[in-house]
Amino acid sequence: MKTTIGNVHKHVNETVTIGVWLHNKRSSGKIAFLQLRDGSGFIQGVVAKAAVSEEAFELSKNLTQETSLYVTGEVVEDARSPLGYELQVSDLEVIQEAVDYPITPKEHGTEFLMDHRHLWLRSTKQHAIMKVRNEIIRSTFEFFNKEGFVKIDAPILTGASAEGTTELFHTKYFDEDAYLSQSGQLYMEAAAMALGRVFSFGPTFRAEKSKTRRHLIEFWMIEPEMAFMDHEESLQVQEEYVSYVVQSVLENCKVELGTLERDLTQLEKIKAPFPRITYTEAIQFLKDQGFDDIDWGDDFGAPHETAIAEAHDKPVFITHFPVEIKAFYMKPDPDNPDVALCADLIAPEGYGEIIGGSERIDDYELMAERYKEHELDGPAYEWYLQLRQYGSVPHSGFGLGLERTVAWITGIEHIRETIPFPRLLNRLYP
RNA sequence: UCCAGCGUAGCUCAGAGGUAGAGCAGUUGGCUGUUAACCAAUUGGUCGCAGGUUCGAAUCCUGCCGCUGGAGCCA
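Residues numbered from 1 in each chain as written. Chains lettered and ligands numbered in written order. Predicted model: local features only at pLDDT ≥ 70, side-chain atom pairs only at ≥ 80, totals over all residues. Heavy atoms only, no water.

In the annotation of an unreviewed UniProt entry, the entry for chain A reads Asparagine--tRNA ligase, and the organism field reads Alkalibacillus filiformis. Under the UniProt heading Catalytic activity (unreviewed entry), the note attached to chain A is "tRNA(Asn) + L-asparagine + ATP = L-asparaginyl-tRNA(Asn) + AMP + diphosphate + H(+)". As its UniProt record puts it under Subcellular location (unreviewed entry), chain A is described as follows: "Cytoplasm". (UniProt positions renumbered as here; feature names shortened; annotations may be inferred.)

Draft legend 1. Seen up close, helix 1 (residues 54–61). Considered for burial, the residues of helix 1 that qualify are A56, F57 and S60. The buried residues of helix 1 occupy an angular sector of 100° when the element is viewed end-on, so they sit on one face. For helix 1, the exposed residues lying more than 90 degrees away from the buried face are E54 and E55. Where helix 1 is buried, its residues touch strand 2 (15–27), strand 3 (31–37), strand 4 (42–48) and strand 6 (85–96). (Buried < 20%, exposed > 50% of the residue type's maximum accessible area, 1.4 Å probe, protein only. Helix = DSSP H or I, 4+ residues; strand = E, 2+ residues; numbered from the N terminus. Arc of directions from axis to C-beta. Contact = heavy atoms within 4.5 Å.)

Draft legend 2. Main features of helix 4 (residues 124–146). If you check helix 4, its first and last C-alpha atoms are 33 Å apart, about what 23 residues at 1.5 Å a residue would give, namely 33 Å. A positive phi of about 85° marks G148, the residue just after helix 4. (Expected span 1.5 Å × (residues − 1).)

Draft legend 3. Geometry of the sheet that holds strand 9 (residues 170–173). Strand order across the open sheet formed by three strands is 8-10-9, with antiparallel pairing between neighbours. The sheet is open, and its two edges are formed by strand 8 (157–158) and strand 9, each paired on a single side. Relative to strand 10 (residues 176–180), strand 9 runs antiparallel, the two sharing four bridges. For K172, the partnering residue across the bridge sits in strand 10 and is D177. (Pairing = 2+ DSSP bridges.)

Below, the structure is given as structure tokens:
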């Protein structure tokens with residue numbers, strides 16, 4: 001009977017066949033231990049000389065790393081195994097012999113591993129990160145579906161930028177200029193006016209020459225947009241959403257978090273509500289901490305964000321940023337028009353900003369004024385202004401960066417390991 | 001784009017003016033409970049590229065290329 005490593009617990013004391021790759025091997029004169037992986041998990045196969053044919057034992061002694069094969073054997077419980085089960089191998093059949101697999105069980109440098117990303121994904125740590133990433137995506141869809149959101153897909157080829165600030169990837173759209181999307185937000189606003197509560201999940205592109213552990217050229221964003229919802233209500237959705245995702249990972253990725261040696265006590269604390277401080281309070285806090293390189297009106301740098309995050313053991317919202325340093329569509333606070341009804345969510349442990357969100361301008365006249373200030377016109381923007389013309393309503397939304405969230409939840413050092421094939425400065429392959 | 005550091009065997013690194021080293025991987029042999037297994041033997045090099053200084057350069061100098069970390073910008 002053919003099965004997978006993930007399902008061996010259903011076949012205890014039965015003989016099964018599993019298609020596997022040889023992850024590693026230890027052998028002595030009369031016994032060989034095969035570390036086997038099949039994508040669903042890892043299991044040790046024990047080949048005892050007495051229990052198999054002469055040929056099968058010789059074969060197992062000479063297996064090379066990453067050789068693909070079918071192993072047949074009896075599933076037995078064994079306390080010495082981390083999985084709790086082992087496979088007592090009775091036969092094996094090589095599918096393809098792998099010669100000189102480059103990634104050996106010893107340590108490697110970053111450049112070497114990145115050049116071999118297509119093979120590096122096979123290692124236990126990378127495997128665990130991809131499983132956690134998948135759980136974050138799965139629980140995201142579950143959360144928003146549960147809350148009555150409709151998944152809407154934004155276009156990737158666009159005629160103009162949403163923010164107008166960051167560098168865009170330029171391309172041709174037949175005879176016109178086009179850009180790769182850096183946010184689906186404007187389209188989500190249109191969709192929210194049609195469907196009420198929507199969210200998008202898709203790739204975004206930033207042609208910034210950023211070279212830090214928090215930046216990717218191509219990354220994935222989750223962008224919910226909600227009609228009839230003000231800024232404060234949006235913050236509640238955000239903290240409930242993030243808490244839901246973290247608790248789902250804790251529940252469903254125990255083995256993976258163990259592989260990653262993640263400090264679970266840090267994650268167990270992540271439950272709504274999250275603390276909030278205003279931008280103005282944050283500036284004062286930083287000055288009290290001894291920062292003299294920032295004043296009201298400046299945006300935060302990485303050290304500032306980290307200092308604010310370290311003062312809390314949950315993600316923290318920084319709200320009410322100055323209007324000047326935020327996007328043109330953010331709604332000014334009626335009580336203080338110098339600041340916007342917006343918030344960034346800063347992850348704990350120095351992982352930086354994972355969410356940016358705001359209530360959007362819903363007044364036609366004000367938006368038209370902003371268009372003039374920012375010199376936005378033409379067919380690329382006209383339609384967005386029209387949304388304020390036909391039944392405009394208060395609405396809010398936010399964008400969560402998937403990879404930064406994966407980095408934080410898995411506790412890994414660098415964002416490049418959170419996406420299967422990262423696009424970085426100077427790296428387009430593999 | 002700016003600042004700093006690093007490029008030596010397939011991989012991770014040592015060697016800092018006198019002519020190339022270790023561990024791992026590979027190969028061969030040994031071992032019935034290994035967990036980055038262990039023990040013994042063994043293969044393996046245009047010292048990133050180009051120029052310069054010197055009797056002599058992996059080593060010192062200059063330029064270029066590549067990588068790594070950080071800054072800015074952002075999610």
